[in-house]
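Chain by chain, the residues:
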Amino acid sequence: MKADKSSVTRSIKIARGQLDGVLRMIEEDRYCVDISNQLLATQALLKRVNKEIMHAHIRSCVREGLHTDEPNPKLEEALDLLDRLTD
């Protein structure tokens with residue numbers, strides 16, 4: 001994996017903690033909207049981490065696959081598209 005492993009790992013651990021919190025909230029019969037808000041926060045975090053991983057993949061692995069170290073407008077176009085799809 002070419003993404004910043006410490007950043008990705010930290011974010012995934014935070015998401016895991018959020019999910020543990022959601023499970024506790026469910027077990028405690030907490031207010032549904034509060035549970036939903038926590039789920040949305042976790043989804044947003046996972047979405048951001050996935051985006052970071054995919055950007056790193058495109059900038060490194062895909063670029064290597066094209067056998068060039070030069071910036072490639074097509075790669076940047078794909079990254080822009082990825083941004084739009086995941087927002």
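Residues numbered from 1 in each chain as written. Predicted model: local features only at pLDDT ≥ 70, side-chain atom pairs only at ≥ 80, totals over all residues. Heavy atoms only, no water.

K.L.:
Teacher, can you tell me more about the overall build of the protein here?
P.N.:
The helix and strand tally for the protein stands at three helices and zero strands. Sequence-ordered secondary structure for the protein, helices as α and strands as β, is α-α-α. The globule rule puts the C-alpha radius of gyration for 87 residues at 12 Å, and the 17 Å found for the protein is more than 25% above it. Structurally, the protein occupies a C-alpha span of about 55 × 25 × 15 Å along its principal axes. Taking the contacts inside the protein whose residues are at least 6 apart along the sequence as the reference set, 59% of them involve residues at least 24 apart. Total accessible area on the protein is roughly 6300 Å²; 56% of this is exposed by carbon and sulfur atoms. (Helix = DSSP H or I, 4+ residues; strand = E, 2+ residues; numbered from the N terminus. Rg over C-alpha atoms; globule rule 2.2 N^0.38 Å. Contact = heavy atoms within 4.5 Å. Areas by Shrake-Rupley, 256 points an atom, 1.4 Å probe, with all protein chains shown as cover.)

K.L.:
What exactly am I supposed to notice about the nonpolar core here?
P.N.:
By size, the foremost hydrophobic cluster in this structure holds six residues: Ala-3, Val-8, Ala-15, Leu-45, Val-49 and Ala-56. Looking at this core, the elements with two or more residues in it are α1 (5-27) and α2 (32-65). When neighbours within four sequence positions are excluded, Val-8 is seen to be in contact with Met-1, Ala-3, Val-49, Glu-52 and Ile-53. (Core = buried A, V, L, I, M, F, W, Y, C linked by side-chain atoms within 4.5 Å. Buried < 20%, exposed > 50% of the residue type's maximum accessible area, 1.4 Å probe, protein only.)

K.L.:
Explanation requested: the environment of Ala-78 in the structure shown.
P.N.:
Inspection of the secondary structure assignment puts Ala-78 in helix α3 (residues 73-86). Exposure remark for Ala-78: the relative accessible area of 32% places this residue in the partly exposed category. Separated by 23 residues in sequence, Ala-78 and His-55 place their C-alpha atoms 9.5 Å apart.

K.L.:
I tried to follow the pattern of salt bridges on my own but got confused; where do I start?
P.N.:
Oppositely charged side chains can pair when the atoms bearing their charge come close. Considering all chains together, one arrives at four salt bridges under this definition. Between Arg-30 and Glu-28 there is a salt bridge; the shortest N-O distance is 3.6 Å. On the basis of relative accessibility, which here comes to 39%, the residue Arg-30 falls in the partly exposed class. (Salt bridge = Lys/Arg side-chain N within 4 Å of Asp/Glu carboxyl O.)

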